[in-house]
Amino acid sequence: TIHILYNLNDDAHLKMIRCNGIDVKDFDPERLSYIIMLMKGEDYPFVSWELNNEMQRVVSSRVEDTTRVQVTAENGNQLVYKIVYKHSLSENAHLI
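Cut-offs applied
Residues numbered from 1 in each chain as written. Predicted model: local features only at pLDDT ≥ 70, side-chain atom pairs only at ≥ 80, totals over all residues. Heavy atoms only, no water. Helix = DSSP H or I, 4+ residues; strand = E, 2+ residues; numbered from the N terminus. Buried < 20%, exposed > 50% of the residue type's maximum accessible area, 1.4 Å probe, protein only. Contact = heavy atoms within 4.5 Å. Areas by Shrake-Rupley, 256 points an atom, 1.4 Å probe, with all protein chains shown as cover. Salt bridge = Lys/Arg side-chain N within 4 Å of Asp/Glu carboxyl O. Pairing = 2+ DSSP bridges.

Quick word on the overall build of the protein
Scanning the protein from N- to C-terminus turns up 0 helices and 7 strands. Secondary structure elements of the protein occur, N-terminal to C-terminal, as β-β-β-β-β-β-β. The buried share of the protein, taken over its 96 residues, is 27%. By sequence separation, contacts in the protein at least 24 residues apart represent 60% of the contacts at least 6 residues apart. As presented, the protein carries roughly 6,600 Å² of accessible surface, and 51% of it is formed by carbon and sulfur atoms.

Points about the pattern of salt bridges
Taken as a whole, this structure holds 2 salt bridges when the rule is applied. In this structure, Asp-23 engages Arg-18 in a salt bridge whose closest nitrogen and oxygen atoms are separated by 2.8 Å. Residues Arg-18 and Glu-50 are paired through a salt bridge, measuring 3.0 Å at the closest nitrogen-oxygen approach. Of this pair, Arg-18 sits in strand β1 (residues 14-19) while Glu-50 sits in strand β4 (residues 47-51), and the two are 32 residues apart along the sequence. The class of Arg-18 is partly exposed, set by a relative accessible area of 21%. A network of salt bridges, in which partner residues are shared, links Arg-18, Asp-23 and Glu-50.

Some remarks on the pairing of β1
Within a regular beta strand, the side chains point alternately toward one face of the sheet and then the other, so they alternate between its two faces. Both β1 and β4 contribute to a ladder of 5 bridges, which runs antiparallel. Each bridged residue has a counterpart across the sheet, and for Met-16 the counterpart in β4 is Glu-50. Relative to strand β2 (residues 22-23), β1 runs antiparallel, the two being bridged by 2 bridges. By the bridge assignment, Cys-19 is partnered in β2 with Ile-22. Connecting β1 to the next strand, β2, in antiparallel fashion are 2 residues, including Asn-20 with a positive phi near 55°.

Digging into unusual backbone geometry
The residue Asn-20 is not glycine, and still its phi comes out positive at about 55°. Note that Asn-20 resides in the loop between β1 and β2. Relative accessible area serves as the criterion here: at 48%, Asn-20 is assigned to the partly exposed category. A positive phi angle is found at Asp-26, which is not glycine, with a value near 60°. Checked against the element boundaries, Asp-26 lands in the loop between β2 and β3 (33-38). Under the relative-accessibility criterion, Asp-26 is labelled exposed at 56%.

Below, the structure is given as structure tokens:
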């Protein structure tokens, strides 16, 4: 009998998070919380991401003004990125 052992990947960090296809400004895989400014009346953005490795699983959900992106590594380690949306009172909004 041959047993092949390997370590499961434990990395639950994402490479990038995007809102409506645009990289989140100053994204850092170690930073788990972001504030995204939206223009007055602007709809919530579509959130997408780039995996650090193909074995990660991602589930995202939005409740009110917050999107949670839960990343699970191959070994079960988990991280949750939180994106909070704030509507600007003016027409000039930007990513923070």
